[in-house]
Amino acid sequence: QVQFRESGDGAVNTGGSLRLSCVVSVVSGNILNIFSMGWDRQFPGQRRQKVASIVAGGNTNYEDSVKGRFTIHRDNSENTVYLQMNNPKPEDTATYYCTARMSVRQPGGGIDEADFWGQGTQVTVSS
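Cut-offs used in this document
- Starting afresh in each chain, residues are numbered from 1 along the sequence in its written order.
- Under the rules for a predicted model, residues below a pLDDT of 70 receive no local features and side-chain atom pairs below 80 are neither given nor counted, while totals for whole chains, interfaces and linings still include all residues.
- Excluding hydrogens and water, the side-chain values take into account all heavy atoms of the structure.
- Cavities and pockets are defined on a 1 Å grid built over the protein atoms alone: a cavity is a set of grid points where a 1.4 Å probe fits but cannot escape, while a pocket is an open set with protein on both sides within 12 Å along at least five of seven lines, and lining residues are those with an atom within 4 Å of any such point.
- Grid points are joined across faces, edges and corners, and a volume is the space filled by probe spheres set on the points.
- Numbered from the N terminus, helices here are DSSP runs of H or I no shorter than four residues, and strands are runs of E no shorter than two.
- Only Asp, Glu, Lys and Arg are considered charged in this grouping, and only Ala, Val, Leu, Ile, Met, Phe, Trp, Tyr, Cys and Pro are considered nonpolar; every other residue, Gly among them, is considered polar.
- Relative accessibility thresholds used throughout: buried, under 20% of the residue-type maximum; exposed, over 50%; partly exposed, between the two (1.4 Å probe, protein chains only).
- In this description, contact between two residues means that some pair of their heavy atoms is separated by no more than 4.5 Å.
- Think of it this way: DSSP has to see at least two bridges between two strands before they count as a pair.
- Under this scheme, a helix contributes an axis fitted over its contacting stretch, all axes are lines through C-alpha atoms, and angles between N-to-C directions fall in the 0 to 180 degree range.

The space that makes up the largest pocket amounts to roughly 190 Å³. Forming the boundary of the largest pocket are 14 residues, of which Ser 36, Lys 50, Ser 53, Arg 101 and Asp 115 lie nearest the centre. Broken down by secondary-structure element, the contributors of at least two residues to the lining of the largest pocket are β4 (31–42), β5 (49–55), β9 (94–105) and β10 (111–117). Among the residues forming the lining of the largest pocket, the class breakdown is 4 nonpolar, 5 polar and 5 charged.

And the structure:
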């Protein structure tokens, strides 16, 4: 089993800041490694899309619209990932999902990479 514990402020005004946190707990022995952690978001009527991710070594990737404004940080020892959202805009309003990419042992014995995500938390930015 994989559990995600997401937390953070759900609302902020333009020009403010907020911080999302997520703790990923792995119980199943079929999970071999956590390669990366990050955050997705989903706008109303659209598909879920990547916002930011970070690997264990510290390399990061950001969606273009959040570069310079959002910062992702990972605590490897605690399997915790944070998203610092500075200068949020109304366009950032969405449901945010904590994510993790893991290697998983399949029923047939093979090993695949798979993405997992939490239940999501609503973030609303008011102008």
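On to the side chain of Ser 36, then. Within the secondary structure, Ser 36 is located in strand β4. For Ser 36, a relative accessible area of 15% puts it in the buried group. With near-sequence residues (within four places) excluded, Ser 36 lies in contact with Ile 54, Val 55, Arg 74, Thr 99, Ala 100 and Arg 101.

Of note, Gly 109 is situated in the loop between β9 and β10. Exposure remark for Gly 109: the relative accessible area of 43% places this residue in the partly exposed category. Once the C-alpha coordinates of Gly 109 and Asn 30 are considered, the two residues, 79 residues apart in sequence, prove to be 9.8 Å apart.

The next thing to look at is the sheet that holds strand β1 (residues 2–8). One open sheet holds the 4 strands; their spatial order is β1-β3-β8-β7, and the pairing between them is antiparallel. Of all the strands in the sheet, just β1 and β7 (70–75) have a single pairing partner and so form its edges. When the angles between neighbouring strand axes are averaged without regard to direction, this sheet yields 15 degrees. Looking at chain direction, β1 and strand β3 (residues 17–26) are connected through 7 bridges and run antiparallel. Considered in β3, the bridge of Ser 7 is made with Ser 21.

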